[in-house]
Amino acid sequence: TERPRAVVMAQRAPPVLDLTRYMDKEIMVKFSGGRQVVGTLKGFDKLLNLVLDNAREHLRDPEDPYKVLDETRPLGLTVCRGTTVMLVCPMDGHDEIANPFVQPEEEG
């Protein structure tokens, strides 16, 4: 016998990325295009659309768009479109390290 469609849909695998452990915690989100936002995760869905509270965007250097500055601008309560999310990282235990692959510039 054939199962009803509702039963088949209910037995889908769990989402690959489960962000429930980061609810109400501060996270950093990087987007395609280079923007970087830090905020408190208030909600998400299976498409990785995120709701961040007290969000603030880290501004980029106008002379070097790949360099992120410590300067921020407040965004408040923000909905982040999942199709543009490239990285989600908890801020607790997050440290930035120097790039070990960058060669020192030679003088002379």
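What you see is a predicted model; the values in this text were computed from it and never measured.

A. Examining the overall build of the protein more closely. Helix and strand counts for the protein stand at one helix and five strands. Element order for the protein, N to C, with α for helix and β for strand: α-β-β-β-β-β. The contacts of the protein with a sequence gap of at least 6 include a subset with a gap of at least 24, amounting to 40%. Taken as a whole, the protein presents about 8,800 Å² of accessible surface, with 52% of it coming from carbon and sulfur.

B. Representation of the nonpolar core. Of all hydrophobic cores here, the largest spans 13 residues; its most connected members are Val29, Leu41, Leu50 and Leu52. Breaking this core down by element, the ones donating at least two residues are β1 (26-31), β2 (36-44) and β3 (50-60). Among residues more than four places away in sequence, those in contact with Leu50 are Leu19, Val29, Leu41, Gly43, Phe44, Thr78, Val79, Cys80, Val85 and Val88.

C. View of unusual backbone geometry. Its identity is not glycine, yet Leu48 carries a phi of approximately 70°, on the positive side. Secondary-structure assignment places Leu48 in the loop between β2 and β3. For Asn54, which is not a glycine, the phi torsion comes out positive at approximately 50°. Here Asn54 is to be found in strand β3. Take Asn54: its relative accessible area is 52%, and that puts it in the exposed class.

D. Looking closely at the environment of Arg81. Mapped onto the fold, Arg81 is located in the loop between β4 (68-80) and β5 (85-90). For the pair Arg81 and Asn49, spaced 32 residues apart in sequence, the C-alpha separation works out to 4.8 Å.

E. Here's a closer look at the pattern of salt bridges. Per the stated rule, a full pass over the model turns up four salt bridges. Among the ionic pairs, Asp24 bridges to Lys42, the shortest N-O distance being 2.9 Å. One end of the pair, Asp24, is in the loop between α1 (5-10) and β1; the other, Lys42, is in strand β2, and 18 residues separate them in sequence. Measuring nitrogen to oxygen at the nearest pair gives 2.7 Å for the salt bridge that ties Glu26 to Arg56.

F. Spatial organisation of the sheet that holds β5. An order of β4-β3-β2-β1-β5 is seen for the five strands of this open sheet, with the pairing classed as antiparallel. Each having just a single partner strand, β4 and β5 make up the two edges of the open sheet. Pairwise comparison of adjacent strand axes, ignoring direction, gives a mean angle of 30° for this sheet. When β3 meets β4, the two strands line up antiparallel, connected through eight bridges. Across the sheet, Ala55 pairs through a bridge with Gly76, a residue of β4.

What counts and how
Residues numbered from 1 in each chain as written. Predicted model: local features only at pLDDT ≥ 70, side-chain atom pairs only at ≥ 80, totals over all residues. Heavy atoms only, no water. Helix = DSSP H or I, 4+ residues; strand = E, 2+ residues; numbered from the N terminus. Contact = heavy atoms within 4.5 Å. Areas by Shrake-Rupley, 256 points an atom, 1.4 Å probe, with all protein chains shown as cover. Core = buried A, V, L, I, M, F, W, Y, C linked by side-chain atoms within 4.5 Å. Buried < 20%, exposed > 50% of the residue type's maximum accessible area, 1.4 Å probe, protein only. Salt bridge = Lys/Arg side-chain N within 4 Å of Asp/Glu carboxyl O. Pairing = 2+ DSSP bridges. Axes fitted to C-alpha atoms, helices over the stretch in contact; angles between N-to-C directions.

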